[in-house]
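# Structural characterization, general
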There are 2 protein chains.
Amino acid sequence: MTTSRRAAKRSPNRQLLREREIVNAARLVFETAGYDNASMAEIAARAGIVEGTVYLYFDSKKDLMHRVIAEWYEGLIASVSEGLTRVVGVRARLRFCILRHLRVYVEDTGLADLMIRELRRDRKFYETEIYSLNKRYAAFVTAEILDGIKQGELGPDIVPEIVRDLIFGGIEHCAYRILSGRGGLDIDLVADRILGTLWPGIAAQKEASSVSIEDRIARLEKLVVANGEES
Amino acid sequence: MTTSRRAAKRSPNRQLLREREIVNAARLVFETAGYDNASMAEIAARAGIVEGTVYLYFDSKKDLMHRVIAEWYEGLIASVSEGLTRVVGVRARLRFCILRHLRVYVEDTGLADLMIRELRRDRKFYETEIYSLNKRYAAFVTAEILDGIKQGELGPDIVPEIVRDLIFGGIEHCAYRILSGRGGLDIDLVADRILGTLWPGIAAQKEASSVSIEDRIARLEKLVVANGEES
DNA sequence: AAACAAAAATGAGCGGTCCTCATTTTATCT
DNA sequence: AGATAAAATGAGGACCGCTCATTTTTGTTT
């Protein structure tokens, strides 16, 4: 064995820089063109490299999109987490989550679009990193509901998962207007309406229950009639 | 001008038959493979023709999918319309709509998937025939809500569009479990939970206000006492 | 500085898609 | 049968994501 020359290792952050350039370019292209219309050629060009090079850093176009979304999602989760520290009360915190989520569609339309329309259609979405992030994000709402139940502020019988699905599904449907580019949304108004519709159904009843009140009335009225009304 | 020979016109329903064959083949392939994995070559093969021939009857792959979905959607609308004739009462009719829609995801998983994941991502979805059908379909719910408000069974302040978005969005989110192939759904249970969560928030208060109930009780109790309880 | 090897970048081209269009086949009328 | 319009064909164009043999760049050793 001859003493072979040492490997010519480059500074490691040079690779990271390239990666960054590619991800940035990809985010830009995906955001403006959507997935299908975004071509690897254009992403490469914007990163100042040639198409084949991209594949030294990412396995596939889909892989690249996952990376773009994952980075964005992590920022979003951090933002919500931070924001929630400054809100107290179940109702207010739920409203914060709703409004914050609506804001996503207004401010990050392109990426939200990518998330809904492209990422989630993957049959194996539930095995991806994005799904984990998605669960962490949705957990902000379910945790709030569970807490509300424990505090007695929400009814004991409500099912957190259903409320969560109603909230996120409802928001998403409202947001289709934005995603399709037809006009905007008064997100404060929409947040109020969504919570205004849901809250009375999930908040704990202050009074015993309307049934028992009805019973009390029925009993009393029967008695009164029996005794000869207004004696 | 020589008397030119008449055009050799074929029986018109021959074209319709071909069209039918193509649509049927397309539905089958789209349903099982999804949009991206469905190839025009396979659709043509299943219709017993060659790829180019399909383009004599349909403009594009997307056009063909639109046709498949449109036919299915029309059947669905007819089914809901017919079913509603046999249900009375706002709550029961809303529950019917919810349950029927949940059934779509169980029974027509492939097409529902196509609708959500492929059709709606078209930027020009809102100019398509499918969108009109979508509106007609969703109108079953909004009409019910409007009717409920008019009948006094639902609160006067609720916003029908928000309730509609919560319902359809919520159902859709619940149904992702089915679409992704992970287990099924107890749709009766889910329907009950969705309505159970929403209804208390949108139903009109039976009594004018709890104060008046208290008043009624107070008056009655006073009377009863005055008359000597349990005489 | 020169030799050298590993790492990084290249770009031609492969296999696949939807779709077009000049050509051929089929069906109908005189 | 012969003519002609309608219907069907299938080779190939344009474009895509992706691969890989080749070339260029970079850092280390002598």
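For the structure, check the block above.
Bear in mind the structure is a predicted one, so any value in this text is a computation, not a measurement. (Residues numbered from 1 in each chain as written. Chains lettered and ligands numbered in written order. Predicted model: local features only at pLDDT ≥ 70, side-chain atom pairs only at ≥ 80, totals over all residues. Heavy atoms only, no water.)

## Some points on the overall build of chain A
- Check the secondary structure of chain A and you find 10 helices and 0 strands.
- For chain A, the succession of helices and strands along the chain, N to C, is α-α-α-α-α-α-α-α-α-α.
- A buried classification covers 47% of the 231 residues belonging to chain A.
- Looking at chain A alone, contacts between residues at least 24 apart form 69% of all its contacts between residues at least 6 apart. (Helix = DSSP H or I, 4+ residues; strand = E, 2+ residues; numbered from the N terminus. Buried < 20%, exposed > 50% of the residue type's maximum accessible area, 1.4 Å probe, protein only. Contact = heavy atoms within 4.5 Å.)

## Points about the packing of aromatic side chains
- Throughout the structure, instances matching the rule amount to 14 aromatic pairs over all chains.
- Their ring planes at 15° and their centres at 5.7 Å tell us that Phe30 of chain A and Tyr35 of chain A sit as a pair that is stacked.
- A ring pair is formed by Trp72 of chain B and Tyr73 of chain B, whose centres lie 5.7 Å apart and whose planes are at 45°; its orientation type is tilted. Assigned by exposure class, Trp72 of chain B and Tyr73 of chain B land together as buried.
- Put simply, the rings of Trp72, Tyr73, Tyr137 and Phe168 of chain A pair up and form one aromatic cluster.
- The ring of Tyr35 of chain B carries Lys61 of chain B above its face, with NZ or CZ at 4.4 Å from the centroid. (Phe/Tyr/Trp six-rings, centres within 6.5 Å; stacked < 30°, edge-to-face > 60°. Lys NZ or Arg CZ within 6 Å of the ring centre and 35° of its normal.)

## Observations concerning the environment of Phe125 of chain A
- Along the chain, Phe125 of chain A falls in the loop between α6 (109–118) and α7 (129–151).
- Not counting residues within four places of it along the chain, the set of residues in contact with Phe125 of chain A comprises Met115, Leu119, Arg120, Ile130, Tyr131 and Asn134 of chain A.

## A short note on the pattern of salt bridges
- Counted according to the given criterion, the structure contains 38 salt bridges over all chains.
- The closest approach of N and O atoms between Arg103 of chain A and Glu107 of chain A, which form a salt bridge, is 2.9 Å. Note that Arg103 of chain A and Glu107 of chain A are positioned in helix α5 (residues 90–107) at a spacing of 4 residues, about one turn of the helix.
- According to the relative accessible area criterion, Glu107 of chain A is partly exposed, its value standing at 49%.
- Across the pair Glu144 of chain B and Arg93 of chain B runs a salt bridge, and its minimum N-O distance is 2.9 Å. Residue Glu144 of chain B is found in helix α7 (residues 129–151), and its partner Arg93 of chain B is found in helix α5 (residues 90–107); the two are separated by 51 residues along the sequence.
- According to the relative accessible area criterion, Arg93 of chain B is partly exposed, its value standing at 21%.
- Connected via shared salt-bridge partners are Asp36, Glu118 and Arg121 of chain A together with Asp36, Glu118 and Arg121 of chain B. (Salt bridge = Lys/Arg side-chain N within 4 Å of Asp/Glu carboxyl O.)

## Let's talk about the side chain of His173 of chain B
- By the element assignment, His173 of chain B lies in helix α8 (residues 160–179).
- If we ignore the near neighbours within four places in the chain, the residues touching His173 of chain B are Arg120, Asp165, Phe168, Gly169 and Glu172 of chain A.

## Some remarks on α7 of chain B
Residues and elements named next belong to chain B.
- Here α7 spans 33 Å end to end across 23 residues, near enough to the 33 Å set by a 1.5 Å rise per residue.
- The largest bend in α7 is about 35°, located at Ala139.
- Turning to α7, the residues buried within the fold contact α4 (61–84), α5, α6 (109–118) and α8.
- Where α7 terminates, the next one or two residues include Gly152, which has phi positive at roughly 85°. (Expected span 1.5 Å × (residues − 1). Bend = angle between axes of the 7 residues up to and from the residue.)

## Description of the packing of α4 of chain B against α5 of chain B
Residue and element names in this part refer to chain B.
- For the pair α4 and α5, interaxial distance at closest approach is 11 Å and the crossing angle is 150°. Relative to α5, the element α4 is oriented roughly antiparallel. Regarding α4 and α5, the two cross each other, and that crossing is right-handed. Between α4, through Trp72, Leu76, Ser79, Val80, Gly83 and Leu84, and α5, the contact on the second element is made entirely by Arg93, Phe96, Cys97, Arg100 and Val104.
- Of the residues contributing to the contact of α4 with α5, the split by class is 7 nonpolar, 2 polar and 2 charged. (Axes fitted to C-alpha atoms, helices over the stretch in contact; angles between N-to-C directions. Parallel < 35°, antiparallel > 145°, perpendicular 65-115°, else oblique. Left-handed = near helix turned anticlockwise from the far one by under 90°. Nonpolar A, V, L, I, M, F, W, Y, C, P; charged D, E, K, R; others polar.)

## Quick look at empty space enclosed by the protein
- Inspection of the entire model under this criterion finds 3 cavities of 30 Å³ or more.
- In this structure, the largest cavity encloses a volume near 120 Å³.
- In terms of lining residues, the largest cavity is bounded by Ile116, Arg117, Arg120, Arg121 and Tyr176 of chain A together with Ile116, Arg117, Arg120, Arg121 and Tyr176 of chain B.
- The set of elements that each furnish at least two residues to the lining of the largest cavity consists of α6 of chain A together with α6 of chain B. (1 Å grid on protein atoms, 1.4 Å probe; cavity = no way out; pocket = protein on both sides within 12 Å on 5 of 7 lines; lining within 4 Å. Points joined across faces, edges and corners; volume = space filled by probe spheres on them.)

## Topic: the packing of α7 of chain B against α8 of chain B
Residue and element names in this part refer to chain B.
- Put simply, α7 and α8 touch, their axes get as near as 9 Å, and they point 130° apart. Regarding the angle of α7 to α8, the classification is oblique. The crossing of α7 and α8 is right-handed. Note on element contacts: α8 touches α7 through Pro160, Val163, Arg164, Ile167 and Phe168, opposite Tyr137, Ala138, Val141, Thr142, Ile145, Leu146 and Ile149.
- Split into classes, the residues belonging to the contact of α7 with α8 amount to 10 nonpolar, 1 polar and 1 charged.

## Regarding the environment of Asp192 of chain B
Residue and element names in this part refer to chain B.
- One can find Asp192 in helix α9 (residues 187–202).
- The partly exposed category is assigned to Asp192, whose relative accessible area is 40%.
- In the structure, Asp192 is positioned 97 residues away from Arg95 in sequence and 7.5 Å away in space, judged by C-alpha atoms.

## Notes on the nonpolar core
- Core analysis: the largest hydrophobic core is formed by 146 residues, its most contacted members being Phe30, Ile69 and Tyr73 of chain A together with Phe30, Ile69 and Tyr73 of chain B.
- Setting aside chain neighbours within four positions, we find Ile69 of chain A in contact with Leu111, Leu114, Met115, Leu119 and Ile130 of chain A. (Core = buried A, V, L, I, M, F, W, Y, C linked by side-chain atoms within 4.5 Å.)

## Remarks on the environment of Gly83 of chain A
All names here are of chain A.
- Here Gly83 lies in helix α4 (residues 61–84).
- Taking relative accessible area as the criterion, Gly83 reaches 7% and is therefore assigned buried.
- Distance in space between the C-alpha atoms of Gly83 and Arg100 is 9.1 Å, their sequence separation being 17 residues.

Everything listed is a geometric property; what it means functionally is a separate question.
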